[in-house]
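Residues per chain are reported as follows:
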Protein chains: 2
Amino acid sequence: VTVWLVGAGPGDPGLVTVRGLELLRRCDVLVHDRLLAPELVAEAPGDALVLERDGLDQETVNDVLVAHGRAGREVVRLKGGDPFVFGRGGEEALALAAAGVPFGVVPGVSAIAAVPAAAGIPVTHRGLSSEVIVTAAHDAELDYARLAASGATLVFFMGLGRLGRLADGLIGAGLAADTPAAVVSRGTLPEQRAVLAPLGELAAEAAELATPALVVVGAVVGLAAALGALRSEGLALA
Amino acid sequence: VTVWLVGAGPGDPGLVTVRGLELLRRCDVLVHDRLLAPELVAEAPGDALVLERDGLDQETVNDVLVAHGRAGREVVRLKGGDPFVFGRGGEEALALAAAGVPFGVVPGVSAIAAVPAAAGIPVTHRGLSSEVIVTAAHDAELDYARLAASGATLVFFMGLGRLGRLADGLIGAGLAADTPAAVVSRGTLPEQRAVLAPLGELAAEAAELATPALVVVGAVVGLAAALGALRSEGLALA
């Protein structure tokens, strides 16, 4: 294998996988997202070529991966969270496959469960939720009636500017305004901030939070009061 | 912190997090699920007390965690996947919180995206799916009409004995019988087997597969033909 699509995890550099870190430490070329822990980027060998993905369009990123992979270099494409959860990893994988470049995927800890956990929210809990709906859909695509009727834990990857429309949409479709909800900003990082509020008050309460942020809606959010903030102290990369 | 709920990842021991492995290597007490890589269990210190969770009921597990935590021992509760994704981590966390025992959560790589990835399936893909529905609900609780109408990638944590009923339920509710679908058994492990088939043929095709298995339904499964099996060669724990 010459090109690895590697998930960096949700933010905290200690949440990278053992395999991902091994590959990072021996790569010839690192292509990384901008919003990654600098501690991880610094793990690449001193003589590795390090490229930031942001500023390049997707086609250029694909071309860079293909070119270095064809040249036989060990390439790590380090992506926030998991490569296949809203990460365009599939597009890069398809480009590599079409070019005949050997590649592999090392999954990462997705924000889906890790960011809620860092605020004391288990996305599933016996008796409260046995289903999680994860979406990055835009407003026009969201089927509020279906989401509101699901009874599932709802996890939204989205910009905070849409938070008011999201809450209005869900409440307008029948979800109770007092449904427990949360916004977790910069989850798992030292600067993490979480706001817990009934859905009807969430947009006002969370107005000051910074992106990236995850929105969680559902009965499980009510457990955060008992579980508190579970964010761990920082541990160094071994 | 004295008790850590740690996600072991989806099977492959190299997919544990760096932090999870650090905690495992210095624990006094390890309480682990049965279906975990033996390589991970072997990482506990030689003088650590190692307990297998299976065979203990949930209340006993909670009591064991509380008792060792109260005694000030460093306890690792190692769970398959992520502690808060169908892992009863919330119940253990609530028991620890109620007892006043300090605890933390180290998320893990959930099977949600990692197991499909190991079979060449990205659970999200631009133009195909921007939503994932993950459920471990029992037949009687599944709202087939809602799932069939969602257009989302569907991920089922379930026993294979129910596969026929699941497919019939989805097709009966209007999902096309030729919707791409997959069963991935023992995902990310050397003994992984994946069956890709149209939903209407999935139960017959996958009849011989072993549990644990994950079922994936949706257009993204169609990408597996191009992406192939992405399972990586084994790399040792560093």
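Residues numbered from 1 in each chain as written. Chains lettered and ligands numbered in written order. Predicted model: local features only at pLDDT ≥ 70, side-chain atom pairs only at ≥ 80, totals over all residues. Heavy atoms only, no water.

1. With respect to helix 3 (residues 58–70) of chain B
Residues and elements named next belong to chain B.
Piece 1. For helix 3, which comprises 13 residues, the first-to-last C-alpha distance of 18 Å matches the rise-based estimate of 18 Å (1.5 Å per residue) to within 8%.
Piece 2. Here helix 3 has its buried residues at Gln58, Val61, Asn62, Val64, Leu65, Val66, His68 and Gly69.
Piece 3. The elements touched by buried residues of helix 3 are strand 1 (3–7), strand 2 (29–32), strand 3 (49–52), strand 4 (75–79) and helix 4 (89–99).
Piece 4. Immediately downstream of helix 3, the backbone of Gly72 shows phi near 85°, a positive value. (Helix = DSSP H or I, 4+ residues; strand = E, 2+ residues; numbered from the N terminus. Expected span 1.5 Å × (residues − 1). Buried < 20%, exposed > 50% of the residue type's maximum accessible area, 1.4 Å probe, protein only. Contact = heavy atoms within 4.5 Å.)

2. Thoughts on the relation of the copies chain B and chain A
Piece 1. Note on the identical chains: chain B maps onto chain A by a rotation of 180° and an axial translation of 0.0 Å, with an RMSD of 0.0 Å. Here the symmetry operator amounts to a two-fold rotation axis.
Piece 2. Interface overlap between copies: 98% of the residues of chain B at the interface are likewise at the interface in chain A, consistent with a symmetric, same-surface contact. (Least-squares fit on C-alpha atoms with pLDDT ≥ 70 in both.)

3. As for the interface of chain B and chain A
Piece 1. Contacts between the two partners involve 62 residues from chain B, matched on the other side by 61 residues from chain A.
Piece 2. Together chain B and chain A conceal approximately 5,200 Å² of surface at their shared face, both sides included; 63% is due to carbon and sulfur atoms.
Piece 3. Looking at the side of chain B facing chain A, the largest losses of area belong to Arg19, Phe84 and Arg146 of chain B, adding up to 14% of the total buried there.
Piece 4. For the pair chain B and chain A, the number of links is six salt bridges.
Piece 5. A salt bridge links Arg19 of chain B to Asp12 of chain A, with the nearest nitrogen and oxygen atoms 2.6 Å apart. (Buried area = accessible area lost by both parts, 1.4 Å probe. Salt bridge = Lys/Arg side-chain N within 4 Å of Asp/Glu carboxyl O.)

4. Brief notes about the packing of helix 3 (residues 58–70) of chain A against helix 4 (residues 89–99) of chain A
Residue and element names in this part refer to chain A.
Piece 1. Here helix 3 crosses helix 4 at 45°, and the two axes come no closer than 9 Å. Overall, the two elements helix 3 and helix 4 adopt an arrangement that is oblique. Seen from above, helix 3 lies across helix 4 with right-handed handedness. Here Gln58, Val61, Asn62, Leu65, Val66 and Arg70 of helix 3 lie close against helix 4, whose contacting residues are Glu91, Glu92, Ala95, Leu96 and Ala99.
Piece 2. By residue class, the composition of the contact of helix 3 with helix 4 is six nonpolar, two polar and three charged. (Axes fitted to C-alpha atoms, helices over the stretch in contact; angles between N-to-C directions. Parallel < 35°, antiparallel > 145°, perpendicular 65-115°, else oblique. Left-handed = near helix turned anticlockwise from the far one by under 90°. Nonpolar A, V, L, I, M, F, W, Y, C, P; charged D, E, K, R; others polar.)

5. Thoughts on the sheet that holds strand 8 (residues 180–185) of chain A
Piece 1. Strand order in the open sheet formed by 10 strands is 9(A)-8(A)-10(A)-7(A)-6(A)-6(B)-7(B)-10(B)-8(B)-9(B), and the pairing between neighbours is mixed. Pairing within the sheet leaves two strands with one partner each, and these edge strands are strand 9 (193–198) of chain A together with strand 9 (193–198) of chain B. Within this sheet the neighbouring strands show an average axis-to-axis angle of 15°, counted without direction. (Pairing = 2+ DSSP bridges.)

6. Description of the confidence of the model for chain A
Piece 1. The predicted model of chain A averages 93 in pLDDT, with 96% of residues at 70 or higher.
Piece 2. The low-confidence segment residues 230–238 of chain A (pLDDT under 50) makes 35 contacts with residues lying over four places distant or belonging to another chain. (pLDDT = per-residue confidence, 0-100.)

7. Here we look at the environment of Ile171 of chain B
Piece 1. Here Ile171 of chain B lies in helix 7 (residues 163–172).
Piece 2. Beyond its immediate chain neighbours, meaning those up to four positions away, Ile171 of chain B contacts Ala177, Leu199 and Gly200 of chain B.

8. Details of helix 5 (residues 111–118) of chain A
Note that an α-helix has 3.6 residues per turn; residues three or four places apart therefore point the same way.
Piece 1. Burial within helix 5 of chain A is extensive, with eight of its eight residues counted as buried.
Piece 2. What helix 5 of chain A keeps buried is the set Ala111, Ile112, Ala113, Ala114, Val115, Pro116, Ala117 and Ala118 of chain A.
Piece 3. In this fold, the buried residues of helix 5 of chain A make contact with strand 6 (131–135), strand 7 (153–157), strand 8 and strand 10 (213–217) of chain A together with strand 5 (103–106) of chain B.
Piece 4. For helix 5 of chain A, the capping residue at the N-terminal end is Ser110 of chain A, with a side-chain oxygen 3.0 Å from the backbone nitrogen of Ile112 of chain A.
Piece 5. Count one or two residues on from helix 5 of chain A and you reach Gly120 of chain A, which has phi positive near 85°. (Polar contact = N/O pair within 3.5 Å; in protein donor to acceptor, adjacent residues only side chain to side chain.)

9. Some details on the side chain of His125 of chain A
Piece 1. With respect to the helices, strands and loops of the structure, His125 of chain A is situated in the loop between helix 5 and strand 6.
Piece 2. Taking the relative accessible area as the measure of exposure, His125 of chain A reaches 9% and is therefore buried.
Piece 3. Leaving out residues up to four positions away in the same chain, His125 of chain A has contacts with Val220 and Leu223 of chain A together with Gly90, Glu91 and Leu94 of chain B.

10. Digging into the pattern of salt bridges
Piece 1. Applying the stated criterion to the full structure yields 20 salt bridges over all chains.
Piece 2. The salt bridge involving Arg25 of chain B is made with Glu43 of chain B; its shortest N-O contact spans 2.7 Å. Of this pair, Arg25 of chain B sits in helix 1 (residues 18–25) while Glu43 of chain B sits in the loop between helix 2 (38–41) and strand 3, and the two are 18 residues apart along the sequence.
Piece 3. The exposure class of Arg25 of chain B is partly exposed, given its relative accessible area of 34%.
Piece 4. Bridged by salt links that share partners, the residues Asp33, Arg77, Lys79 and Glu92 of chain A form one connected network.

11. Concerning the environment of Leu214 of chain B
Residue and element names in this part refer to chain B.
Piece 1. By secondary structure assignment, the location of Leu214 is in strand 10 (residues 213–217).
Piece 2. Its relative accessible area of 3% is what places Leu214 among the buried residues.
Piece 3. Taking the C-alpha atoms as reference, Leu214 lies 20 Å from Ser130; in sequence the two are 84 residues apart.
Piece 4. Residue contacts for Leu214: discarding those within four places in its chain leaves Ala111, Ile112, Val115, Pro116, Val155, Phe156, Phe157, Ala182, Val183 and Val184.

12. A look at the side chain of Gln192 of chain B
Piece 1. Of note, Gln192 of chain B is situated in the loop between strand 8 (180–185) and strand 9.
Piece 2. There is a polar contact of 2.8 Å between the side chain of Gln192 of chain B and the backbone nitrogen of Thr188 of chain B.

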